[in-house]
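# Structural overview for review
Spelled out from the first residue to the last, the chains are:
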Amino acid sequence: MKVILNQDVKYLGEEGDVKVVANGYARNYLFPRGFAVPYNDMTAAHFEARKEEIEARKEEKRKAAASLKEKLEAFTVELTMPAGPNGKLYGAVTNQTIVDVLLKNGFEIERKKIEVPGMTIKSVGKYHVTVHLYEAAHAELNVIVTSQEEIEKKSKEDAKTSKKETPVADETAKEN
């Protein structure tokens, strides 16, 4: 059955698109929810009249995707995960892990739009992850995975150096 979409439908199309779908899908899902109308001369003419309005909304989405792309490419995701001595993670970094970090930093991106090389990251290092935005727009997100042991070693070393420096500061304070 040929239909015209009234609004964006995930995995099907955008507002104003003409699609061929199964009869049951149209009758039982799209029509009752108002997502689509049957394709005929009258509905085609109605959507042709609204074409400029629909294109303006699509252009707005393209601009939003372009600004989001700039923000994502400037942002670096830093993850600290438990890992073995050879750098192999005890767990894995998936697209859901990245979504959680992005959500904490104010980016709302669907899990399915993030493409991790090899489906998961299983070792410490720097990676480039692709984020699919709108239409053909993609952003390259930098992901740095570090080991928890490395962080703990650095913090212990920092603590030792700060302890060595504090007695010197106390002696100078006593002299004054």
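In what follows, the accompanying structure is described. Given the structure is predicted, the values throughout are model-derived calculations rather than measurements.

A word on the sheet that holds strand β9 (residues 138-147). One open sheet accounts for four strands, arranged β4-β9-β8-β6; its pairing is mixed. Both outer strands of the open sheet, β4 (76-81) and β6 (114-115), are each paired with one neighbouring strand and no more. As judged from the six bridges shared by β4 and β9, these two strands associate in the parallel manner. What sits directly across from Thr76, in β9, is Asn142. The strands that helix α3 (residues 51-74) touches are β4, β8 (125-132) and β9; relative to β9, the one it contacts most, it runs at about 25°.

On to the nonpolar core. If you look at the biggest cluster of nonpolar residues, it comprises 26 residues, and the most contacted ones within it are Leu72, Ile98, Leu102, Ile114 and Leu141. Of all the elements in the fold, those that place two or more residues in this core are α3, β4, β5 (88-93), α4 (95-104), β8 and β9. Residues in contact with Leu102, not counting those within four places in the same chain, are Leu72, Phe75, Val77, Phe107, Ile109, Ile114 and Leu141.

Moving on to the packing of aromatic side chains. Per the counting criterion, the structure on display carries three aromatic pairs. Both rings, one in Phe75 and one in Phe107, keep their centres 5.4 Å apart while their planes meet at 55°; by these two values the pair is tilted. Of this pair, Phe75 sits in the loop between α3 and β4 while Phe107 is found in the loop between α4 and β6, placing the two residues 32 residues apart along the sequence. Since its relative accessible area comes to 11%, Phe107 is described here as buried. Grouping aromatic residues by their ring pairs yields a cluster made of Tyr25, Tyr29 and Phe35. Here Lys2 stacks its cationic end above the ring of Tyr39, 4.7 Å away from the centre of that ring.

Quick look at the sheet that holds strand β3 (residues 36-38) now. Pairing within the open sheet is antiparallel, and its three strands lie in the order β2-β1-β3. Here the strands that pair on one side only, and so sit at the sheet edges, are β2 (18-20) and β3. The average undirected angle you get between the axes of adjacent strands in this sheet is 40°. As judged from the three bridges shared by strand β1 (residues 2-5) and β3, these two strands associate in the antiparallel manner. The residue of β3 that forms the bridge with Leu5 is Ala36.

Attention shifts here to the side chain of Thr43. Relative to the elements of secondary structure, Thr43 occurs in helix α2 (residues 41-49). Residue classification places Thr43 among the buried positions, given a relative accessible area of 13%.

Quick look at the environment of Glu73 now. With respect to the helices and strands, Glu73 occurs in helix α3. Each C-alpha atom of the pair Glu73 and Leu141 lies 5.4 Å from the other, and the pair is 68 residues apart in sequence. Beyond its immediate sequence surroundings of up to four residues, Glu73 is in contact with His138, Ala139, Glu140 and Asn142. Among the polar contacts made by the side chain of Glu73, one reaches the main-chain amide nitrogen of Glu140 at a distance of 3.3 Å.

Below, the discussion takes up the pattern of salt bridges. Using the criterion set out here, one finds eight salt bridges in the structure. Where Glu15 meets Arg50, a salt bridge forms, and the shortest distance between an N and an O atom there is 2.4 Å. With Glu15 in the loop between β1 and β2 and Arg50 in the loop between α2 and α3, this residue pair connects regions lying 35 residues apart in the sequence. Of the residues examined, Glu15 reaches a relative accessible area of 10% and is grouped as buried. Among the residues examined, Arg50 registers a relative accessible area of 19% and is labelled buried. Between Glu48 and Lys51 there is a salt bridge, and its shortest N-O distance comes to 3.9 Å.

The next subject is the pairing of β1. By the bridge criterion, three bridges tie β1 to β2 in an arrangement that is antiparallel. Bridge pairing in β2 links Ile4 to Val18.

Rules and cut-offs
- For every chain, the first residue of its written sequence is number 1, and the numbers climb from 1 along that sequence.
- At least 70 in pLDDT is required for a residue's local features to be given in this predicted model, at least 80 for side-chain atom pairs to be given and counted, and no such filter applies to totals for whole chains, interfaces and linings, which use all residues.
- To get the side-chain values, all heavy atoms of the structure are used, and hydrogens and water are removed first.
- Whether two strands pair comes down to DSSP finding at least two bridges between them.
- Under the DSSP-based scheme used, a helix requires at least four consecutive residues in state H or I and a strand at least two consecutive residues in state E, with every element numbered from the N terminus.
- We call two residues in contact whenever any of their non-hydrogen atoms come within 4.5 Å of each other.
- A fitted line through C-alpha atoms represents every axis, and for helices the fit uses only the stretch in contact; the resulting angles, taken between N-to-C directions, go from 0 to 180 degrees.
- Take the buried residues of types Ala, Val, Leu, Ile, Met, Phe, Trp, Tyr and Cys, join any two whose side-chain atoms come within 4.5 Å, and each joined set is a nonpolar core.
- A simple rule labels every residue: compare its accessible area, found with a 1.4 Å probe on the protein chains alone, to the largest value its type can have, and call it buried under 20%, exposed over 50%, or partly exposed in between.
- Only the six-membered ring of Trp is used, alongside the rings of Phe and Tyr, when aromatic pairs are assigned; centres must lie within 6.5 Å, and planes under 30 degrees apart are stacked while those over 60 apart are edge-to-face, with the rest tilted.
- Either the NZ atom of lysine or the CZ atom of arginine qualifies as a charge over a ring when it sits within 6 Å of the ring centre and within 35 degrees of the ring normal.
- For this analysis, a polar contact is any N or O atom pair within 3.5 Å, provided that within protein one partner can donate a hydrogen and the other can accept it, and provided that sequence-adjacent residues contribute only side-chain to side-chain pairs.
- We count a salt bridge whenever a side-chain nitrogen from Lys or Arg sits within 4 Å of a carboxyl oxygen from Asp or Glu.

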